[in-house]
Amino acid sequence: MNAEAIAEQVKPQHTVVGKVISDKMDKTIVVQIERKVKHPLYGKYMTHYSKMYAHDEENTCRMGDIVAIKQSRPLSKTKRWVLVEVIKREEQQ
């Protein structure tokens, strides 16, 4: 098999954007993902939140930053995501 055939078989990596809600751990951030879900009966849109643990190799993220993370192999018991980029920095006060 050549490299092109292998690249076609690999699944595209899932990428999401969220807000950093914790940076207390070493090389790990907690990112809160927000998504809108329509109620099946009433039709009202509700906000659902998910917390995801992501690997931050250089400890660059701070609380409040907007970041992009992508899915990866399991790095620990709970960590399944890796930091791709910091989209927007939180303003320091």
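What you see is a predicted model; the values in this text were computed from it and never measured. (Residues numbered from 1 in each chain as written. Predicted model: local features only at pLDDT ≥ 70, side-chain atom pairs only at ≥ 80, totals over all residues. Heavy atoms only, no water.)

1. Structural notes on unusual backbone geometry
Step number 1: In this structure, K27 takes a positive phi of about 60° despite not being glycine.
Step number 2: A relative accessible area of 31% means that K27 is categorised as partly exposed.
Step number 3: Of note, the phi angle at N59 is positive, near 55°, even though the residue is not glycine.
Step number 4: By the element assignment, N59 lies in the loop between strand 3 (45–55) and strand 4 (66–71).
Step number 5: Looking at N59, the relative accessible area reads 28%, which means it is partly exposed. (Buried < 20%, exposed > 50% of the residue type's maximum accessible area, 1.4 Å probe, protein only. Helix = DSSP H or I, 4+ residues; strand = E, 2+ residues; numbered from the N terminus.)

2. As for the sheet that holds strand 1 (residues 15–22)
Step number 1: Taken together, five strands build a closed barrel; the order of strands is 1-2-3-5-4 and the barrel is mixed. Neighbouring strand axes in the sheet, compared pairwise and without regard to direction, differ in orientation by 50° on average.
Step number 2: Both strand 2 (residues 28–38) and strand 3 contribute to a ladder of eleven bridges, which runs antiparallel. Bridge assignment links I33 to a residue of strand 3, and that residue is S50. (Pairing = 2+ DSSP bridges. Axes fitted to C-alpha atoms, helices over the stretch in contact; angles between N-to-C directions.)

Geometric values such as these leave the question of function open.
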